[in-house]
Amino acid sequence: MLDNTTLFLLINSYAGKSATLDFIGVVIGEYMPFLFIAVEVYLYFFAKRKIEALLAFYSVLIALLLNQIIALFYFHNRPFMDGIGIVLKPHIAESSFPSDHTTFMFAIIWSLLLYKNSRKYAYILFPLGIIGGFSRVFMGIHYPYDIVGGIVSGFIGALIIYGFKIKLTWLNNLIFKIENKIFKGKLWKNYYFYYWVQ
């Protein structure tokens with residue numbers, strides 16, 4: 001089994017050899033989460049999967065909070081802090097584990113995967129999350145295990161919210177009420193907790 005450093009050097013070895021590949025890698029590594037945000041907006045406003053979108057959002061918050069807690073007790077250097085690899089875009093010298101970008105994407109993926117009506121979106125996003133996560137390794141700012149850690153953090157966040165989904169009904173309904181007041185019921189009139197996710 002390859003260790004963290006060896007895996008990093010293997011993936012990062014392709015950086016700096018092609019301006020086009022470097023550009024694509026940086027765009028994917030930096031901006032892939034925005035695609036996930038767009039999917040969340042689509043699910044909430046257009047696909048009639050408001051509950052699933054909200055639960056995925058809550059999962060992101062819990063997973064990123066978990067990362068902050070981990071950072072309080074465990075510090076892991078980024079590759080450039082260890083003097084290895086090619087860095088395609090400068091990054092703050094802070095703890096790299098777990099990857100927040102990856103955590104963000106996979107909290108959404110795992111959450112959507114837990115519910116039958118949103119599962120098809122998770123299947124589409126899963127390979128994009130993998131590509132987006134490991135693009136951070138290609139960029140030289142994360143080790144591979146940071147990405148794996150982000151995948152696990154995202155799963156834990158989604159699982160915690162899944163366990164509390166019934167108790168979050170009040171929060172969902174509050175959000176719907178605020179939404180209805182903002183839009184004066186013209187677009188989503190009286191959309192409350194009329195159905196549950198499966």
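Reading the values: rules and limits
- Residues numbered from 1 in each chain as written.
- Predicted model: local features only at pLDDT ≥ 70, side-chain atom pairs only at ≥ 80, totals over all residues.
- Heavy atoms only, no water.
- Helix = DSSP H or I, 4+ residues; strand = E, 2+ residues; numbered from the N terminus.
- Buried < 20%, exposed > 50% of the residue type's maximum accessible area, 1.4 Å probe, protein only.
- Contact = heavy atoms within 4.5 Å.
- Areas by Shrake-Rupley, 256 points an atom, 1.4 Å probe, with all protein chains shown as cover.
- Phe/Tyr/Trp six-rings, centres within 6.5 Å; stacked < 30°, edge-to-face > 60°.
- Lys NZ or Arg CZ within 6 Å of the ring centre and 35° of its normal.
- Core = buried A, V, L, I, M, F, W, Y, C linked by side-chain atoms within 4.5 Å.

1. So, the overall build of the protein chain
Looking only at helices and strands, the protein chain features seven helices and zero strands. Residues classed as buried in the protein chain amount to 43% of the 198 residues present. Partitioning the contacts of the protein chain with sequence separation of at least 6, the portion at a separation of at least 24 is 76%. With an accessible surface of roughly 10600 Å², the protein chain has 71% of that area assigned to carbon and sulfur atoms.

2. Remarks on unusual backbone geometry
Geometrically, the link from Phe-97 to Pro-98 is a cis peptide bond, its omega value of -10° lying close to zero. One can find Pro-98 in the loop between helix 3 (50–73) and helix 4 (100–113). If you check the backbone angles, Lys-48 has positive phi at about 60° while not being a glycine. In this structure, Lys-48 sits in the loop between helix 2 (19–45) and helix 3. On the accessibility criterion, Lys-48 (63% relative accessible area) is exposed.

3. Comments concerning the packing of aromatic side chains
Enumeration according to the criterion identifies 13 aromatic pairs in this entry. Ring plane angle 75° and centroid distance 4.9 Å describe the contact between Tyr-44 and Phe-45, whose orientation is recorded as edge-to-face. With relative accessibility at 10%, the residue Tyr-44 sits in the buried group. In this structure Phe-45 comes out as partly exposed when scored by relative accessible area, which is 31%. Ring-pair connections join several aromatic residues into one group, and the members of that group are Phe-106, Trp-110, Phe-126 and Phe-155. Lying across the ring of Tyr-44, Lys-50 places its NZ or CZ 4.0 Å from the centre.

4. What to know about the nonpolar core
In this structure, Phe-36, Leu-43, Leu-55, Ile-108, Leu-112 and Leu-125 are the most contacted members of the largest nonpolar core, which totals 30 residues. Broken down by secondary-structure element, the contributors of at least two residues to this core are helix 2, helix 3, helix 4, helix 5 (119–138) and helix 6 (144–163). Considering every element that reaches this core, the biggest residue donor is helix 3, with eight residues. Not counting chain neighbours up to four residues away, the residues in contact with Ile-108 comprise Phe-36, Glu-40, Ala-56, Val-60 and Leu-125.

This is a description of form; function is not addressed.
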